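Okay, here's what each chain looks like letter by letter:
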Amino acid sequence: MTSGEVRDAVQLPPTAGRRRNMQANRRRDTGPELALRSALHAAGYRYRCDFRIDLPGGRVRPDIVFTRRKLAVFVDGCFWHSCPLHGSQPRVNQSYWSPKLARNAERDRTNTRLLEESGWTVIRIWEHVPVGEALASVRTALELDS
Ligand SMILES: [Zn+2]
């Protein structure tokens, strides 16, 4: 085990092992995001994944992007994005986790603001939301926009 691995093992909360694995593949491969993409595709929607949007204030890479409709969808992990239901702060190594999670939340707010300032519609969906509900949210946004 390298010293880096030791450090990670110490800093991660007890339940974070699986989440850390998910984080490694986070951009494309999280279960809830994958499920939503599949559902959208099955419903006939076409969208972009891993699509970088260059905005005046910075670059944002939403999870799912409808370019023509200017709709950006984020599927937010409950832990990493501090979901009000499941996003409890780890009890261990709070000095490490609190600022890290606060930075994530701050970045989420900034990205949402940057997108909205440029005329994008932003939907944020918690990973705990059932896929049918997530699909309905996206559908509603697309219909409102048409
Ligand atoms: Zn949650």
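So, how was this worked out
Residues numbered from 1 in each chain as written. Predicted model: local features only at pLDDT ≥ 70, side-chain atom pairs only at ≥ 80, totals over all residues. Heavy atoms only, no water. UniProt positions renumbered as here; feature names shortened; annotations may be inferred. Salt bridge = Lys/Arg side-chain N within 4 Å of Asp/Glu carboxyl O. Helix = DSSP H or I, 4+ residues; strand = E, 2+ residues; numbered from the N terminus. Buried < 20%, exposed > 50% of the residue type's maximum accessible area, 1.4 Å probe, protein only. Donors = N, O, S within 2.8 Å, 3.2 Å for Na, K, Ca; no water. Tetrahedral: all angles 85-135°; square planar, octahedral: opposite > 155°, others 65-115°.

As annotated in an unreviewed UniProt entry, the chain carries the name Very short patch repair endonuclease and comes from Microbacterium bovistercoris. On record in UniProt, under Sequence similarities (unreviewed entry), the comment for the chain is "Belongs to the Vsr family."

**Q** Would you mind going over the pattern of salt bridges in detail, with residue names and values included?
**A** Under the criterion given, the structure shown has eight salt bridges. For E33, the salt bridge is made with R37, and the minimal N-O distance between the two is 3.2 Å. Placement of both E33 and R37 in helix α4 (residues 31–42) is noted, with a separation of four residues, approximately one turn of the helix. Each member of the pair, E33 as well as R37, carries the same accessibility label: buried. Notably, a salt bridge pairs R124 with D108, separated by 3.8 Å at the nearest N-O pair. Residue R124 is located in strand β6 (residues 121–126), and its partner D108 is located in helix α5 (residues 94–117); the two are separated by 16 residues in the primary sequence. Taken together, the salt bridges that share partners define one network made up of R52, D54 and R59.

**Q** An account of the coordination of the zinc ion is needed here, citing residue identities and associated values.
**A** Here the zinc ion is held by the protein donor atoms C78 (SG), C83 (SG), H86 (ND1) and H128 (ND1), which lie 2.0 to 2.4 Å from it. Each of the four donor atoms bound to the zinc ion contributes to angles spanning 102 to 120°, and the resulting shape is tetrahedral. All donors to the zinc ion come from one chain, and their sequence spacing reads C-x4-C-x2-H-x41-H. Look at C78 and you get buried, because its relative accessible area is 6%. For H86, a relative accessible area of 39% translates into the label partly exposed.

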